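The lines below spell out each chain.
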Amino acid sequence: MSTLELAVHELAPRMQHWRRDFHHFAESGWLEFRTATHVAETLHQLGYQLALGRDVVDDAARMGLPSAEVLAREEQRALEQGALAHWLPHFSGGFTGIVATLETGRPGPTLAFRVDMDALDLGEMQQPAHRPFAEGFASCNAGMMHACGHDGHTAIGLGLATVLQQFSSQLNGTIKLIFQPAEEGTRGARAMVAAGALDNIDYFTAIHIGTGIPSGTVVCGSDNFMATTKFDVQFTGIAAHAGGKPEEGRNALLAAAQTALALHSIAPHSAGASRVNVGVLQAGTGRNVVPAQALLKVETRGETNVINDYVFERAQEIIRGTATMFGIEAEIRLMGAATNSEPSPEWVAFIHQQALEVNGVTNVVDTVKGAAGSEDATLMMARVQEQGGKASYMVFGTQLSAGHHNEKFDFDESVMEVAVCTLARLALNFPWPRGV
Ligand SMILES: O=C(O)C[C@H](NC(=O)Cc1c[nH]c2ccccc12)C(=O)O
């Protein structure tokens, strides 16, 4: 076992503690108040320079933000659950982003690593058959669950911060660790990019665990993310007495229902995969009232940006058409966005080379076939690349108890050691000129 692997192995119990603490106090997008304060405290104690909140999250570029009432309520909940009060003001109002910087003082590139911190809006299984429940760390927040592994990602980020600090004498240049809010629904990355958090980075690496990749396998350059647009549609009609004066009404529920069916009839694209999903339809107030209000929560996806743009354009045409058909108003509100991913081949090759050397890694591939979901880290990758940097997205396979976004989701925590060892090697073995 190398000194790095020994150091990471010794860190494993602490990473498990971090993961389980984040899992128990699960906080969904823009509401990661407790999580962010504990991440900030740990990074501060490690000696990292911190940029927090509004310094790394652009207010106007945040997407899918909860209401001011929810933000305030959840901030208070976080405080009651042990959020660290001295850090909380930085994140108040839903600015729960962090960028930690380690300046070595020696010439070299800037390497950035990104993890996401948010839970999903999902109720966790509270049964003994589900390990997190059986071992006492299932989510204590109703309707919020770490069912995608972001608790593990955050623990990996802190583990990486710890070992890079331990081995900092072997580093050159600058290390930046990015802890992003609200990846679910592709809502947070846009705001961190807009705030400049991804400027002047030479090498960027984002990560995910699981996703159906077998334990021991590392994907070095995920290129199968789908471009996506997330949006709500608010339909406004005219309420009326359903029995006495139905002709006076304009039925928003019917418009929404017709729209939902029509959206799912958008023709596929000959150039590649596409998706449409109407995930939510809320409408009406009473059985004898012609419904005046209806809400749809929708997403489009495409194998490429062009295909997703095609689907979204057709969706907008359909929405305008059904609104006219039913004589009502329709307002489209953008709630999230991400592009497809194009990792930098040179960086993928270096990642591949380093991953081969890690104990616990049994299979290293650059890509996997088949459209994955979407990821707004693609916006961060694009920003780095447009400034001449290199970027990639890694997946660390691990055994899962259920699929992502399922109430029984859990993962084999040993993947966190493999991830930290691999990521630390990217920094410690970076091929910068090492003297004569
Ligand atoms: O579109 C979103 O809301 C983001 C969300 N993202 C994820 O779940 C991450 C993800 C999905 N599939 C993969 C495959 C590899 C890495 C990460 C992922 C999704 O696709 O619904």
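The structure this text deals with has already been given above.
This is a predicted model, so every value here is computed, not measured.

Colleague: I tried to follow the nonpolar core on my own but got confused; where do I start?
Modeller: In globular proteins that are soluble, nonpolar side chains generally tend to be buried together. In this structure, Leu 43, Leu 177 and Phe 396 are the most contacted members of the largest nonpolar core, which totals 79 residues. Per-element accounting of this core gives the leading share, 11 residues, to helix 12 (residues 415-428). Leaving out residues up to four positions away in the same chain, Phe 396 has contacts with Ile 207, His 208, Ile 209, Gly 210, Thr 217, Val 218, Val 415, Val 418, Ala 419, Thr 422 and Leu 423. In this structure, Ala 182, Ile 201, Ile 213 and Phe 225 belong to the second largest nonpolar core, which totals 28 residues.

Colleague: Mind showing me how you'd approach helix 11 (residues 377-386) here?
Modeller: Helical periodicity: at 3.6 residues per turn, an α-helix aligns residues three or four positions apart in one direction. Along helix 11, the positions that sit buried rather than exposed are Ala 377, Thr 378, Leu 379, Met 380, Met 381 and Val 384. Gly 388 occupies a position one or two residues after helix 11 and carries a positive phi of about 95°.

Colleague: Before we go on, may I ask you to explain the sheet that holds strand 8 (residues 274-283) in this structure?
Modeller: Two orientations exist for strands paired in a sheet by backbone hydrogen bonds: parallel and antiparallel. Read from one edge of the open sheet, four strands run 8-9-7-10, paired in antiparallel fashion. Both outer strands of the open sheet, strand 8 and strand 10 (329-338), are each paired with one neighbouring strand and no more. Going from strand to strand, the sheet's axes swing by 15° on average, the running direction of each strand aside. Bridge count between strand 7 (residues 227-236) and strand 9 (residues 293-302): 10 bridges; the pairing is antiparallel. When the bridges of strand 9 are listed, Gln 234 appears paired with Leu 295. Helix 8 (residues 252-263) rests against strand 7, strand 8 and strand 9 of the sheet, and its axis sits at about 15° to strand 9. Taken strand by strand, helix 9 (residues 305-326) contacts strand 7, strand 8, strand 9 and strand 10, and its axis lies near 10° from that of strand 7.

Colleague: Help me understand the site of the ligand, please; the structure alone is not making it clear to me.
Modeller: Gly 185, Lys 230, Arg 301, Gly 373 and Ser 374 are the nearest of the 16 residues found near the ligand. Ser 374 is positioned such that a nitrogen or oxygen atom in its backbone is 2.8 Å from a nitrogen atom of the ligand. For the ligand, whose unbound accessible area comes to 460 Å², protein coverage reaches 87%. Class assignment for the residues of the shell around the ligand results in five nonpolar, seven polar and four charged.

Colleague: Can you walk me through the sheet that holds strand 11 (residues 363-365) in this structure?
Modeller: Overall, mixed pairing links the eight strands, which are arranged 1-2-4-3-5-12-6-11 in an open sheet. Every other strand in the sheet has two partners, leaving strand 1 (49-52) and strand 11 as the edge strands with one partner each. Put simply, the sheet's adjacent strands are angled 20° from each other on average, direction ignored. Direction of pairing for strand 3 (residues 110-116) relative to strand 5 (residues 203-209): parallel, over a ladder of four bridges. By the bridge assignment, Arg 114 is partnered in strand 5 with Ala 206. Against the sheet, helix 10 (residues 345-355) contacts strand 3, strand 5, strand 6 (217-219), strand 11 and strand 12 (390-396), and its axis sits at roughly 40° relative to strand 12.

Colleague: Looking at this model, I keep getting lost on the side chain of Glu 375. Mind explaining?
Modeller: Mapping Glu 375 onto the fold places it in the loop between strand 11 and helix 11. Using a relative accessible area of 1% as the deciding quantity, one classes Glu 375 as buried. Polar side-chain contacts of Glu 375 include one of 3.0 Å to the side chain of Arg 114.

Colleague: Explain the packing of aromatic side chains to me, please; I cannot follow it from the model alone.
Modeller: The relative placement of two aromatic rings is captured by the distance of their centres and the angle of their planes. Scanning all chains against the criterion turns up eight aromatic pairs. On the basis of an interplanar angle of 50° and a centroid distance of 6.4 Å, the ring pair of Phe 409 and Phe 411 is categorised as tilted. In this pair, the class of Phe 409 matches that of Phe 411, namely buried. Pairwise contacts between aromatic rings join Tyr 203, Trp 347, Phe 350 and Phe 430 into one cluster. We note Arg 34 situated over the ring of Phe 25; from NZ or CZ to the ring centre the distance is 3.8 Å. The ring of Trp 30 is capped by Arg 62, whose NZ or CZ atom sits 6.0 Å from the centre of that ring.

Colleague: Explain helix 10 here, please?
Modeller: Of the positions making up helix 10, those classed as buried are Trp 347, Val 348, Phe 350, Ile 351, Gln 354 and Ala 355. Considered in projection along helix 10, the buried side chains sweep an arc of 165° and stay on one side of the axis.

Colleague: Any chance you could explain the pattern of salt bridges here in plain terms?
Modeller: Side-chain pairs of opposite charge can arise where the charged atoms are in close proximity. For the structure on display, the rule yields 25 salt bridges. For Arg 131, the salt bridge is made with Glu 413, and the minimal N-O distance between the two is 3.8 Å. One end of the pair, Arg 131, is in helix 5 (residues 131-134); the other, Glu 413, is in the loop between strand 12 and helix 12, and 282 residues separate them in sequence. Relative accessible area serves as the criterion here: at 28%, Arg 131 is assigned to the partly exposed category. Glu 413 sits in the buried class, given a relative accessible area of 10%. In this structure, the salt-bridge partner of Arg 314 is Glu 317, at a minimum N-O distance of 2.6 Å. Of the two residues, Arg 314 and Glu 317 both sit in helix 9, three residues apart, roughly one turn of that helix. A relative accessible area of 29% places Arg 314 in the partly exposed class. Residues participating in the shared-partner salt-bridge network are Arg 19, Arg 20, Arg 131, Glu 135, Asp 151, Asp 410 and Glu 413.

Colleague: What is the right way to look at the environment of Asp 58 in this model?
Modeller: Among the secondary structure elements, Asp 58 is positioned in the loop between strand 1 and helix 3 (68-80). Classification of Asp 58 as partly exposed rests on a relative accessible area of 27%. Asp 58 sits 136 residues away from Ala 194 along the chain, and the two C-alpha atoms are 5.8 Å apart. Apart from the residues within four sequence positions on either side, Asp 58 is in contact with Ala 191, Ala 194 and Ala 195. A polar side-chain atom of Asp 58 sits 3.0 Å from the main-chain amide nitrogen of Ala 61.

Rules behind the numbers
Residues numbered from 1 in each chain as written. Predicted model: local features only at pLDDT ≥ 70, side-chain atom pairs only at ≥ 80, totals over all residues. Heavy atoms only, no water. Core = buried A, V, L, I, M, F, W, Y, C linked by side-chain atoms within 4.5 Å. Buried < 20%, exposed > 50% of the residue type's maximum accessible area, 1.4 Å probe, protein only. Helix = DSSP H or I, 4+ residues; strand = E, 2+ residues; numbered from the N terminus. Contact = heavy atoms within 4.5 Å. Pairing = 2+ DSSP bridges. Axes fitted to C-alpha atoms, helices over the stretch in contact; angles between N-to-C directions. Near = heavy atom within 4 Å. Polar contact = N/O pair within 3.5 Å; in protein donor to acceptor, adjacent residues only side chain to side chain. Areas by Shrake-Rupley, 256 points an atom, 1.4 Å probe, with all protein chains shown as cover. Nonpolar A, V, L, I, M, F, W, Y, C, P; charged D, E, K, R; others polar. Phe/Tyr/Trp six-rings, centres within 6.5 Å; stacked < 30°, edge-to-face > 60°. Lys NZ or Arg CZ within 6 Å of the ring centre and 35° of its normal. Arc of directions from axis to C-beta. Salt bridge = Lys/Arg side-chain N within 4 Å of Asp/Glu carboxyl O.

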